[in-house]
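# What the coordinates show
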Amino acid sequence: MNGRGLKVRERVGEAADAFRASPFWESMFRPGSPFKRGYSDSPRNRSYVIMNNVLYHLHPVKVKRHAVRLSYTLCLGGLSFFLFILLTITGIFLMFYYRPTAPAAYIDVEALSTSVAFGSLVRNLHRWGAHLMVLTVFLHMSRVFYHGAYKPPREFNWVVGVVLLLLTLLLSFTGYLLPWDQLALWAVTVGTNMAGFTPLFGNQVKFALLGGIEVTGNTLLRFYVLHVLFLPFVIVIFMAVHFWRVRKDGGISGPL
């Protein structure tokens, strides 16, 4: 047993070393990071930790000429971030007048449009802002792909961008159920049925989303928590990493 345990440990160690030596792992961390292979505690590496800190170096010392041209970036990344801030502000306003329960959800949404001052305006800002954010994030990734900005050393940030796109789509999907009308109920029913066909654990995914076997008040509560708490928390973390890597990978990439 001891000999087998040592062999297993050696194989796990070899696999870990091979993974740490892979281009994917190398692209994740900047020079001087203690997570990189062959790291040593030296004054140079300690200075790297300070220089690579996004809070200490939020703004670049100099900006490339092409990066300030509107025709190159179309400001799609900035628009996506602005829409996220808009959705956060309008979402907090809507939370004051919304109760995530099956008897009250539809009534509260109707009251927002008829009885709350500027309620209809804020709700429409939130709704159309969500549609625009999905569009701008998709166009932003299309622009990055067209200009080849996903190539080294920016391949890890491209993966982070793909995750942000998926999180944006999930935010839009989870918010779809909250009005609790017929359109929302059937749309979520179709969406969760599609999730049920996920290989290996589709039934578990569907059950976790629905909180049962069909759309009920439990589903509404789960989608509400995902929409206002879990997904925004995760997306803020990935946005911080995304901005940091844009800054540390040399700013906005040049045209091909």
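Residues numbered from 1 in each chain as written. Predicted model: local features only at pLDDT ≥ 70, side-chain atom pairs only at ≥ 80, totals over all residues. Heavy atoms only, no water.

Let us look at the overall build of the protein chain. Helix and strand counts for the protein chain stand at 11 helices and 0 strands. Overall, the protein chain shows an N-to-C arrangement of helices and strands of α-α-α-α-α-α-α-α-α-α-α. A globule of 256 residues ought to have a C-alpha radius of gyration of about 18 Å, yet the protein chain, at 23 Å, is considerably larger. Buried residues in the protein chain amount to 34% of all 256 residues. About 16600 Å² of surface is accessible on the protein chain, with carbon and sulfur atoms providing 71% of the total. Distance between charge centres in the protein chain, computed from 25 positive and 11 negative side chains, equals 10 Å. (Helix = DSSP H or I, 4+ residues; strand = E, 2+ residues; numbered from the N terminus. Rg over C-alpha atoms; globule rule 2.2 N^0.38 Å. Buried < 20%, exposed > 50% of the residue type's maximum accessible area, 1.4 Å probe, protein only. Areas by Shrake-Rupley, 256 points an atom, 1.4 Å probe, with all protein chains shown as cover. Lys, Arg positive; Asp, Glu negative; His and termini not counted. Charge placed at Lys NZ, Arg CZ, Asp CG, Glu CD.)

It is worth spelling out the environment of Ile50 at this point. Residue position: Ile50 is located in helix α3 (residues 43–51). Between the C-alpha atom of Ile50 and that of Phe233, which follows or precedes it by 183 residues, the distance is 26 Å.

Summed over all chains, the structure comprises 2 salt bridges. Across the pair Asp108 and Arg99 runs a salt bridge whose closest N-O atoms are separated by 2.9 Å. On the basis of relative accessibility, which here comes to 8%, the residue Asp108 falls in the buried class. (Salt bridge = Lys/Arg side-chain N within 4 Å of Asp/Glu carboxyl O.)

With that settled, consider the environment of Asp108. Its place among the elements puts Asp108 in helix α6 (residues 102–114). Taking the C-alpha atoms as reference, Asp108 lies 48 Å from Trp25; in sequence the two are 83 residues apart. Here Asp108 is in contact with Tyr97, Tyr98 and Arg99, once residues within four sequence places are set aside. (Contact = heavy atoms within 4.5 Å.)

Across the protein chain, the average pLDDT comes to 88, with 95% of residues at 70 or higher. Mean pLDDT across the elements of the protein chain ranges from a minimum in α3, with 77, to a maximum in helix α5 (residues 76–95), with 96. (pLDDT = per-residue confidence, 0-100.)

The tally for this structure, following the rule as stated, stands at 7 aromatic pairs. Centre to centre, the rings of Tyr150 and Trp158 are 5.7 Å apart; their planes meet at 55 degrees, and the pair counts as tilted. An aromatic cluster is built from Phe145, Tyr150 and Trp158, whose rings are joined through pairwise contacts. Cation over ring: Arg127 sits above Trp128, and NZ or CZ is 5.5 Å from the ring centre. (Phe/Tyr/Trp six-rings, centres within 6.5 Å; stacked < 30°, edge-to-face > 60°. Lys NZ or Arg CZ within 6 Å of the ring centre and 35° of its normal.)

Looking now at a nonpolar patch on the surface. Together, Phe81, Ile85, Ile89 and Phe243 give the surface a local cluster of nonpolar side chains, amounting to about 350 Å² of exposed area. For the nonpolar patch, the leading source of residues is α5, giving 3 residues. Topologically, Phe243 is positioned in helix α11 (residues 217–248). (Patch = residues over 30% accessible without salt bridge, like charges linked within 9 Å, V, L, I, M, F, W, Y side chains within 5 Å.)

We now examine the packing of helix α8 (residues 155–176) against α11. Two elements in contact, α8 and α11, have axes separated by 9 Å at closest approach and are oriented at 160 degrees. Regarding the angle of α8 to α11, the classification is roughly antiparallel. For α8 against α11, the interelement crossing comes out left-handed. Residue classes in the contact of α8 with α11 are distributed as 18 nonpolar, 7 polar and 1 charged. (Axes fitted to C-alpha atoms, helices over the stretch in contact; angles between N-to-C directions. Parallel < 35°, antiparallel > 145°, perpendicular 65-115°, else oblique. Left-handed = near helix turned anticlockwise from the far one by under 90°. Nonpolar A, V, L, I, M, F, W, Y, C, P; charged D, E, K, R; others polar.)

This part takes up α5. Here α5 contains 20 residues, and its C-alpha end-to-end distance of 28 Å stays within 8% of the 28 Å for a straight helix at 1.5 Å per residue. Residues of α5 that are buried make contact with α4 (70–73), α6, α7 (119–146) and α11. (Expected span 1.5 Å × (residues − 1).)

Once that is clear, we can look at the nonpolar core. Taken as a class, soluble globular proteins show a tendency for nonpolar side chains to be buried jointly. Among the nonpolar cores identified, the biggest contains 19 residues, and Met28, Phe84, Met133, Leu164, Leu167, Ile235 and Met239 are the most heavily contacted of them. Broken down by secondary-structure element, the contributors of at least two residues to this core are α2 (23–28), α5, α7, α8 and α11. At 6 residues, the largest contribution of residues to this core is made by α8. Residues contacting Met28, with those up to four places away along its chain left out, are Phe156 and Arg245. (Core = buried A, V, L, I, M, F, W, Y, C linked by side-chain atoms within 4.5 Å.)

A few words now on unusual backbone geometry. In the segment running from Pro152 into Pro153, the intervening peptide bond is cis, with an omega of 10 degrees. For Pro153, the location among the structural elements is in the loop between α7 and α8. In this structure, Leu74 is a non-glycine residue whose phi angle is positive, near 60 degrees. The exposure class of Leu74 is partly exposed, given its relative accessible area of 47%. At Cys75, a position not held by glycine, the phi torsion is positive, near 55 degrees.

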